[in-house]
Structures are given as structure tokens and as C-alpha cells.
Amino acid sequence: MPRLRAVDEQTPSALAQLPSWLLTQSAAQAQRIVTESFGAGGARGYHFRLLATLVEFGPASQATLGRRSSIDRSDVVAALNELEAEGYVARSPDPADGRRNIITITPAGKRHYRKLMNLVGKAQDEIFAPLSATDRARLTKILGKLLTYHQEQ
């Protein structure tokens, strides 16, 4: 069986044959492309993740948003401060627990989310350009399976 080779002939075949190495190298490239795309839209990945969570699940506490979007609590607060300053989210006291805030997406936040969806869609197209639609769907399913497995451990 022929040895797999990375695009760069300088990469040792021992690395080029490791799915974990290929995944981390691809993830680094994907992160760079997505970060640049969001940066062009005046946003960060955390903004998109928080807005996507609010769009799908509705108003939530900061802690719930952090859990659902896989963002550390301190990073959630900083990102929400940025989103609130831009008028994309609103904080209000939780009627059930005054020590906690409930975060709600605003109409401006929904418009911003749609803009970010467009940017992330273009980034996905750039990242996965060499893959057919079928391969892309298969990869998404496989990565979802891996993530689910490791989250349940």
C-alpha cells in the first residue's frame, strides 16, 4: 500500500499518515480562515457562537450560553460585553434569580447574525473547496461522531 503524503513533501510520512495530525493541521487552517472572515465583518468567533445559540435556543443565562456554545465563563462575559456595546444583545435580571442575567438577542443582533452566517458560509466554502458536497457531508458526519464520542467520555 502506498504511503500517504501530505501536500508538503517536507512533512514526514509518519505524520502524514496520522489522522490526528492531519485533523489538527486542518483545524489550524480552518481557524485562521474563519477568524479572518469574522474579522472582516468586525466580529469574532465567540460572537457568532453566542448569537447562534441565542437564535436557536432563545434567551438564556450567561452560564447556559457558555455551556451551549462551549465558551469559558470569563470569555462569555467579555464577548457579551462587546455584543451588548454594539446593541446586538440585551441583559436583564432573571426574574427567578436576581443574581443572574438573562441575555436576549436584539433585532440588530439578528441582522448581525445573518451577516455572520454569510461570512461563515463563505469561510466553509474556502476551507472545504477541494471536497465534493458528498465528501463534505460525510466529513461533517464523521467529525460530529468523533466529537459526540469524546464529549460523552
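All values derive from a computational prediction rather than experimental measurement. (Residues numbered from 1 in each chain as written. Predicted model: local features only at pLDDT ≥ 70, side-chain atom pairs only at ≥ 80, totals over all residues. Heavy atoms only, no water.)

Asks: Before we go on, may I ask you to explain the confidence of the model for the protein chain in this structure?
Replies: Taken over all residues, the pLDDT of the protein chain has a mean of 93, while the share at 70 or more is 95%. Predicted confidence in the protein chain is weakest over helix 1 (residues 13-16), with a mean pLDDT of 89, and strongest over helix 3 (residues 45-57), with 98. (pLDDT = per-residue confidence, 0-100. Helix = DSSP H or I, 4+ residues; strand = E, 2+ residues; numbered from the N terminus.)

Asks: What is the right way to read the nonpolar core from this model?
Replies: Inside soluble globular proteins, nonpolar side chains tend to come together where they are buried. The biggest cluster of nonpolar side chains holds 25 residues, and the ones touching the most others in it are L50 and L80. At the level of elements, helix 2 (19-40), helix 3, helix 5 (73-85), strand 3 (97-105) and helix 6 (107-127) are the ones that each hand at least two residues to this core. For this core, the element with the highest residue contribution is helix 6, accounting for six residues. Those residues within four positions of L80 in sequence are excluded, and the remaining contacts are L50, Q62, L65, V89, R91 and I103. (Core = buried A, V, L, I, M, F, W, Y, C linked by side-chain atoms within 4.5 Å. Buried < 20%, exposed > 50% of the residue type's maximum accessible area, 1.4 Å probe, protein only. Contact = heavy atoms within 4.5 Å.)

Asks: Could you clarify how one ought to interpret the packing of helix 3 against helix 5 in this entry?
Replies: Relative orientation and spacing of two packed helices are given, respectively, by the angle between their axes and the distance between those axes. Remark: helix 3 packs on helix 5, axes separated minimally by 10 Å, with the N-to-C direction vectors making an angle of 85°. Of the possible angle classes, the one that applies to helix 3 and helix 5 is roughly perpendicular. Between helix 3 and helix 5, the residues in contact are Y46, H47, L50 and L51 and D75, V76, A79, L80, E82 and L83, respectively. (Axes fitted to C-alpha atoms, helices over the stretch in contact; angles between N-to-C directions. Parallel < 35°, antiparallel > 145°, perpendicular 65-115°, else oblique.)

Asks: What is the right way to read helix 6 from this model?
Replies: Given 3.6 residues per helical turn, the α-helix brings residues three or four places apart onto the same face. When the terminal C-alpha atoms of helix 6 are compared, their 30 Å separation across 21 residues agrees well with the 30 Å that a helix rising 1.5 Å per residue should span. Buried within helix 6 are the following residues: G109, H112, Y113, L116, L119, V120, A123 and I127. When helix 6 is viewed along its axis, its buried side chains cluster within an angular range of 130° and face the same direction. Residues of helix 6 that are exposed and angled more than 90 degrees away from the buried face: P107, R111, R114 and K122. Packing partners of the buried residues in helix 6 comprise helix 2, helix 3 and strand 3. (Expected span 1.5 Å × (residues − 1). Arc of directions from axis to C-beta.)

Asks: For this particular structure, what's the right way to read the pairing of strand 2 (residues 89-94)?
Replies: The side chains of a regular strand alternate between the sheet's two faces. In this sheet, strand 3 lies alongside strand 2 in antiparallel orientation, the contact comprising six bridges. Bridged to P93 within strand 3 is N101. Turn length for the strand 2-strand 3 hairpin, with the two strands adjacent in sequence and antiparallel, is two residues. (Pairing = 2+ DSSP bridges.)

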